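# Summary of structural features
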Amino acid sequence: MAFENNVPTLHGEMVDAAREISERRAATISRMVDEAAKHGLDDQFAYDAVADYGVDNAKAFRKTMKDPDSFQEFIDEFGTDHNREIYEMETVTKNENELRIDFHYCPYVTQWVKQGKNEKEIARLCEIAMAGDHSFSAQFPHVKFDLEGTIADGNPTCVLRFTRK
């Protein structure tokens, strides 16, 4: 798998700079996991740390909302920030019961490929990175989150689906 579909189409000074920051985060995660393995540790610590980060992000996001328990407000606000261009996010479905966003580019995968990570390593690193999304979503009791495929698994897009509980 060469991740040949993971090619950005949007460019600009700000989006390229933000992608570089994302790539550095990806490098940090993989280097921490590699270093832990040298010390005989598994990667659960990284998964847990990223999950905690997701909880923090959710708390901050909830504070920006008028009604943090409104599914409609959640889907109206989620994915509307600078990340939209970084990940080339496309809203595929948005209605009163569902939000589906496809991510057409992942700077994390780009970095892990540059680092020479193999398919299995990239898939696991993606699981670690996505722990934040899972824990973020869990902070919204009215939202069910499903990750329906990732670029790291060789798919052309990452598919994130949020449905009303």
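If you're wondering where the values come from, they're calculated on a predicted model, not measured in any experiment.

### Quick look at the packing of aromatic side chains
By the definition in use, this model includes 13 aromatic pairs. Note on F61 and F74: the rings are 6.0 Å apart at their centroids and 90° apart in plane angle, and the pair reads as edge-to-face. Pair noted here: F61 is in helix α2 (residues 44-64) and F74 is in helix α3 (residues 71-77), with a separation of 13 residues, a long-range link. Considered together, F61 and F74 belong to a single accessibility category, that of buried residues. On the basis of an interplanar angle of 45° and a centroid distance of 6.4 Å, the ring pair of F74 and F136 is categorised as tilted.

### Comments concerning the confidence of the model for the chain
Note: predicted coordinates in regions of low pLDDT should not be interpreted at a detailed level. Per-residue confidence for the chain averages 96 on the pLDDT scale, and 99% of its residues sit at or above 70. Averaged pLDDT values for the elements of the chain fall to 95 in helix α4 (residues 83-86) and rise to 98 in strand β2 (residues 98-103).

### Quick notes on the side chain of N6
Among the secondary structure elements, N6 is positioned in the segment before α1 (13-38). In this structure the side chain of N6 is engaged in a polar contact, spanning 3.1 Å, whose partner is the side chain of T110. Beyond its immediate sequence surroundings of up to four residues, N6 is in contact with H104, Y105, C106, V109, T110 and I151.

What counts and what doesn't
Residues numbered from 1 in each chain as written. Predicted model: local features only at pLDDT ≥ 70, side-chain atom pairs only at ≥ 80, totals over all residues. Heavy atoms only, no water. Phe/Tyr/Trp six-rings, centres within 6.5 Å; stacked < 30°, edge-to-face > 60°. Helix = DSSP H or I, 4+ residues; strand = E, 2+ residues; numbered from the N terminus. Buried < 20%, exposed > 50% of the residue type's maximum accessible area, 1.4 Å probe, protein only. pLDDT = per-residue confidence, 0-100. Polar contact = N/O pair within 3.5 Å; in protein donor to acceptor, adjacent residues only side chain to side chain. Contact = heavy atoms within 4.5 Å.

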